[in-house]
Every structure is written in C-alpha cells, then in structure tokens.
Amino acid sequence: ENTKLNSKRNYFKDLERNTKLLPHTWIVVRIDGKGFHKFSDKHNFTKPNDIRSINLMNCAAQKVMAEYPDIIFSYGQSDEYTFVTERYSRMLDRNSNKIMSTIVSLFAATYVYNWNKVFKGTSLKYCPAFDARVVLYPNISSLRDYLSWRQADCHINNMYNLCFWMLVQKRDLSHQEAEERLCGTFSNDKRALLLSEFQCEYDEEEAIYRKGTILHRKNPEECVESLSLSRNETLYSFRGNEESSLLGNLKCASDIITVHVDMINDTFWSERPWILG
Ligand code: ATP
Ligand code: ATP
Ligand code: MG
Ligand code: MG
Ligand code: MG
Ligand code: MG
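The text that follows walks through the structure, step by step, so that each part is easy to find. Computed from a predicted model, the values in this text were never measured in an experiment. (Residues numbered from 1 in each chain as written. Chains lettered and ligands numbered in written order. Predicted model: local features only at pLDDT ≥ 70, side-chain atom pairs only at ≥ 80, totals over all residues. Heavy atoms only, no water.)

**With respect to the pattern of salt bridges**
How we decide: The salt bridge definition used is simple: a Lys or Arg side-chain nitrogen within 4 Å of an Asp or Glu carboxyl oxygen. Helix and strand definitions here come from DSSP, where helices need a minimum of 4 consecutive H or I residues and strands a minimum of 2 consecutive E residues; each element is numbered from the N-terminal end. Each residue gets one of three labels from its accessible area relative to the maximum for its type: buried under 20%, exposed over 50%, partly exposed in between, using a 1.4 Å probe on protein chains only.
If you walk through the whole model with that rule in mind, you get twelve salt bridges. For arginine 150, the salt bridge identified is with aspartate 153, shortest N-O distance 3.2 Å. Note that arginine 150 and aspartate 153 are positioned in helix α6 (residues 140–170) at a spacing of three residues, about one turn of the helix. According to the relative accessible area criterion, arginine 150 is buried, its value standing at 6%. For aspartate 153, a relative accessible area of 23% gives the class partly exposed. Of the charged contacts, one joins lysine 211 and aspartate 262 as a salt bridge, the two residues approaching to 3.9 Å between their closest N and O atoms. Separated by 51 residues along the polypeptide, lysine 211 in helix α9 (residues 207–211) and aspartate 262 in the loop between β6 (256–259) and α13 (266–271) bring together distant segments of the chain. Under the relative-accessibility criterion, lysine 211 is labelled partly exposed at 22%. By relative accessible area, aspartate 262 is classed as partly exposed at 24%.

Written out as structure tokens, the structure is:
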C-alpha cells in the first residue's frame, strides 16, 4: 500500500517538475494588474496618475524585494512591475511556476493589505488580481533592451494620458473627442499642445510619473565596509553559493534604494555597476 502511494507520489511530482529555468541567466518576472482600467475607475483614481496607487504598488514591490534578496532590481509604472533576479540566483530552485506565483501573490496580497492605510476614505470594492509572466535574459544588452522598452512605454503612455485628461478635464472634451484630437500626433505635437494650450512644460511634470519607479540595492561593497567584512566573503556569497546567508542578511529592506530616473541611457548603469555585475 505504501509503495503504491510512493510511486504515485513520484509520478505526480514528476509531472510538476518540468519548469526549471536555465541557470546563469537573468530571470525577469513582470506582473500587471488585471482590468485596472475598470479598477481605477471604480475606485475613483485621480487621472492621469493617482499617487496613492503608485505608492501602494511601490510598497508591494519593496515587500517582495525585502522577502526575496535575490531580486536585485525592480521597475514599476502604471499597474505593472518588473522584478529581476541576480543572474546566478537559486531562488525557489529556479522553478518558474513557483517564482512567478510566489512573487505575484505576495505582491497582490501586500497591495490589498495596505489599501486602507493609503486609500483612507475609499473602501476596496473588490479584490484586484495581477497576472504574471517570466522571461529569461541571457545577457546584459537584452535585459537592458527589455527595461528600456518598459520605460519608453511609461513615457509614451504618460504623455498621452496627460494630454488626454487635460483635454477632458480642462476643455470639457468627451473621451472620444479627446481621443480624436490626439490621433496621429507625435511626441513633439503633444509637448507643443501641453505648452500652448495648458502652459504645461512636460519635462517639469513629476519624475515619478514620467520615468516610473526603479528599486535597486545599495552597493554591496559599501554595505560590507560598514560591517567591516572582507571583500572575499562578499564575492563568495555573490556567486550564488548555497551558503550565501551573508548577502542574504545584507540585502534587507533598508538596502533598497528608490529612484525615478532615466535608465535608457548608459549613465544610470555605469554609475551603478554592481546592479547587473
Ligand atoms: P489588462 O487586464 O489587459 O492589463 P488593464 O485595464 O489593466 O487591462 P493596462 O494596459 O494594464 O489595462 O492599463 C492599466 C490602466 O489602469 C491604465 O490605462 C490606467 O487607466 C489605469 N491605472 C493604473 N494605474 C493607475 C494610476 N496610478 N492612476 C490612474 N490610473 C491608473
Ligand atoms: P513550503 O513553503 O515549502 O510550502 P510550508 O511550511 O508551507 O512550506 P507545506 O508542506 O506546504 O509547508 O505544509 C503546510 C503546513 O502549514 C502544514 O504542515 C501545517 O503545519 C500548516 N497548515 C496549513 N494549513 C493549516 C491548517 N488549516 N491548520 C493548521 N495548520 C495548517
Ligand atoms: Mg495587460
Ligand atoms: Mg493591466
Ligand atoms: Mg498595465
Ligand atoms: Mg504544501
């Protein structure tokens, strides 16, 4: 009876065990709010950008990074967040299903957990869901291309939404009229529209809206110096050894830095060489 159960167990475990991600590649998980167009509407989000939801998203992402030290970098905008693990990470055995589902469920739970603190008067009408996907990036250039794509998307959408809601809120245009007014316009046309019609200089808008939110770890060498540990110890643990408790302890919540800057240019990365190694 026991052996029968055991062979069944092995059989089912086998079926589950086919999702191990290729080693030595960056694991990228992107989550995105399900139907947030409607969700933001039902909860009276300020348009184009409700800072409360952005704060909630950022707080949920910080929680994920605090819980999983192998996540070295995150990028958030609108209802989405990208998480990047260290290249040699052995997080959750590199099991793709586990990595994706653990990140997205912790994120969603934290978003909901903190809702009342952030949205005060507005009660949560229904629970939001987030989808998740995982992609491997084998080198720095493809990973940077991916991140640049997300930040460019943030820029394009934010500029469009800013114009759209100015036309709706300040010129009383209907949604359809505003859409038609913006149809076929390029970035420069939108800048000109904002400036001439609304005296709004696009580049003076808050960086958190224009650039999104980047979360990354402090330079580990600075952390080590402050704990007066040797450089060798850091390098050893950085390579993803199983006994990597050292860096695990170092990479805590207080090591997370938040910035809202351009990461498409080389400067961001050359100033922070430790992020992608
Ligand atoms: P899907 O389920 O396919 O992702 P969606 O409705 O979530 O559909 P997205 O393309 O993900 O569509 O866009 C998210 C939408 O959520 C934005 O277009 C915007 O209307 C709204 N939204 C998200 N965050 C905010 C915010 N902080 N302030 C205002 N609106 C927001
Ligand atoms: P892992 O992260 O690997 O899943 P785990 O601690 O969640 O670790 P599981 O094998 O999933 O381990 O077992 C879940 C454990 O949670 C159970 O062994 C039990 O101790 C506890 N647990 C779950 N549900 C209940 C419950 N309803 N009442 C009491 N204990 C529970
Ligand atoms: Mg989507
Ligand atoms: Mg969405
Ligand atoms: Mg989205
Ligand atoms: Mg279990």
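Anyway, onward from the coordinates.
**A short note on the coordination of the magnesium ion (ligand 4)**
In plain terms, the rule: Note that water is not among the atoms used; donors are N, O and S atoms within 2.8 Å of the metal (3.2 Å for Na, K and Ca), so sites may look incomplete. Between 85 and 135 degrees for all angles marks four donors as tetrahedral; over 155 degrees for opposite donors together with 65 to 115 for all other angles marks four donors as square planar and six as octahedral; every other arrangement is irregular.
Every protein donor of the magnesium ion (ligand 4) is accounted for by Asp32 (OD), Gly33 (O) and Asp79 (OD), and the metal-donor separations fall at 2.1 Å. Classification of the site at the magnesium ion (ligand 4) rests on its six donor atoms, whose angles at the metal span 81 to 178 degrees, yielding the label octahedral. Going along the chain, you hit the donors of the magnesium ion (ligand 4) in the pattern D-G-x45-D. Separating the magnesium ion (ligand 4) from the magnesium ion (ligand 3) is a distance of 3.9 Å. Of this pair, glycine 33 sits in strand β1 (residues 26–33) while aspartate 79 sits in the loop between β2 (71–77) and β3 (80–85), and the two are 46 residues apart along the sequence. Aspartate 79 sits in the buried class, given a relative accessible area of 13%.

**A few points about unusual backbone geometry**
For the bond from lysine 47 to proline 48, the omega torsion is 5 degrees, close enough to zero to count as cis. Tracing the sequence through the fold places proline 48 in the loop between α2 (36–42) and α3 (51–67). Positioned with a positive phi, arginine 94 is a non-glycine residue whose angle comes to about 55 degrees. On the secondary structure map, arginine 94 appears in the loop between β3 and α4 (96–113). According to the relative accessible area criterion, arginine 94 is buried, its value standing at 4%.

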